[in-house]
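# What the coordinates show
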Amino acid sequence: MMIQLQGLLSTITFLDVIDIVVVAYFLYRLFLMLKNTRAATLGKGLMVLIGFTLICRWLNLHVISWLLEKSMTVIMVALPVVFQPELRRALEQIGRGKLFHKGSELDEQELEEMLDSVAHATKVMSKNKVGALMVFERATGLAERIETGVPIDGLVSSGLLQNIFVKDTPLHDGAVIIRGNRVVAACCLLPLTENRNLSQELGTRHRAAIGMSEQSDAVILVVSEETGTISIARNGELMRYLTVDDVKEILRTAIFRPHAAVKNSLVDKIKSLWGGEKK
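A few points on the structure. As the structure is a computational prediction, the values presented were derived from the model and not from experiment. (Residues numbered from 1 in each chain as written. Predicted model: local features only at pLDDT ≥ 70, side-chain atom pairs only at ≥ 80, totals over all residues. Heavy atoms only, no water.)

### A closer look at the overall build of the chain
The cut-off we apply is this: Each helix is a run of DSSP H or I of at least 4 residues and each strand a run of E of at least 2, with the numbering of both proceeding from the N terminus. Exposure classes here rest on a 1.4 Å probe applied to the protein chains alone. A residue is buried below 20% of its type maximum, exposed above 50%, and partly exposed in between. Between two residues, a contact is recorded if the distance between any of their heavy atoms is within 4.5 Å. Computed with a 1.4 Å probe, the accessible areas rest on the Shrake-Rupley method; for each residue, only the protein chains presented here act as cover.
Assigned secondary structure in the chain consists of eleven helices and seven strands. Across the 279 residues in the chain, those meeting the buried criterion constitute 35%. Considering only contacts within the chain whose residues lie at least 6 apart along the sequence, 60% involve residues at least 24 apart. Carbon and sulfur atoms make up 62% of the accessible area of the chain, which totals about 17900 Å².

As C-alpha cells, this is what we get:
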C-alpha cells in the first residue's frame, strides 16, 4: 500500500497541485455562497437522491434505478431554474470582482463604535415610540433581502438610523440591513413568520423579525411603535422587554465573539504545533 502511495505521489507535478488548490478554493467559495440558504437545502436533497440511485444500482433494483435515472434527467434540466437567484448572484459577484472578496469583520473598536450608535438610536426611538426594524447580517448572506430595498451603503450612526425611521419618511417602512458597521440598505422587505402560536399583540415588525431569524442566522432588533418596547429576534425566538445594555451585549456576543474565538483557536493551534515541532 505504501509503495503504491509513493508511486502515486511521485507522479504529481507542481501544475497538478495548482489545479487541485484552485478547484478546492472554488468549491469552498461555492460552499460559503450556498451555506444556510435555500439552495443548500436543495443541494442536500439532490445529494441524497444521487446516493439512493447508486445504492439501487448496486443492489440491482432495475425498476427503481430506471425511475431515478429518468428523474435525475428532469432535475438536471430544472436546476438552472431552481438555482436561478444563486447563479445570478454568483455571476454578479464575478462581474464586480467580488468573488474573492472576504466578508468584512469588525475589530473591537469598530464594533464598539457601531454598538454605541445603535444603542443611542434605539434608546431615543424607544423613548419617543418610533418603530424600527434593524437586521444585523452574520454568516448567511442577505443579498436577496437587500435587493428588495433602497441601497444606502453608509456608516452606521445614531443620526442616520433615527432619520431613516422617522414616521412618514420614504424609508421608514421596512427593515434596515446592517453588514459590519455599514447600513447596506433600507426599506427592505422581510418574510413573515408562519408560527401561529405567537401572541396576538405582536405586530408586523415583530413577525417579520421572527420570520427573518427563522430563515437566516441574522440578529434582528425591533423597537415597537405602540409601546417603545425593545426586542431582539434570533434563531426563531423573540426576546422582549430588553434594555439598551442587553441589546449591546447580545449584539456584541453574536457579531464579534465568534470571529474572535475562531482566530484565537487558530492561533493557539499554530502555537501548539510550533511548540511541538521545537520539542
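### Section: the environment of Val 244
If you trace the backbone, Val 244 turns up in helix H10 (residues 244-255). Along the sequence, Val 244 and Ala 121 sit 123 residues apart, while their C-alpha atoms lie 9.7 Å from each other. Discounting chain neighbours no more than four positions away, the residues touching Val 244 are Ala 119, Lys 123 and Ile 230.

### Some details on the sheet that holds strand S1 (residues 132-136)
Note the threshold: Paired strands, as defined in this entry, are two strands with at least two bridges between them according to DSSP. All axes are obtained by fitting lines to C-alpha atoms, using only the stretch in contact for helices, and the reported angles, taken between N-to-C directions, cover 0 to 180 degrees.
With mixed pairing, the seven strands of this open sheet are ordered in space as S2-S4-S3-S1-S5-S6-S7. Here the strands that pair on one side only, and so sit at the sheet edges, are strand S2 (150-155) and strand S7 (237-239). Looking at each pair of strands side by side, their axes are set apart by 25° on average, direction ignored. Judged from the three bridges that link them, strand S6 (residues 230-234) and S7 form a sheet pairing that is antiparallel.

### As for unusual backbone geometry
For Cys 187, which is not glycine, the phi dihedral falls at a positive 60°. By secondary structure assignment, the location of Cys 187 is in strand S4 (residues 182-188). Although it is not a glycine, Asn 235 sits at a positive phi angle of roughly 55°. Assignment of secondary structure puts Asn 235 in the loop between S6 and S7.

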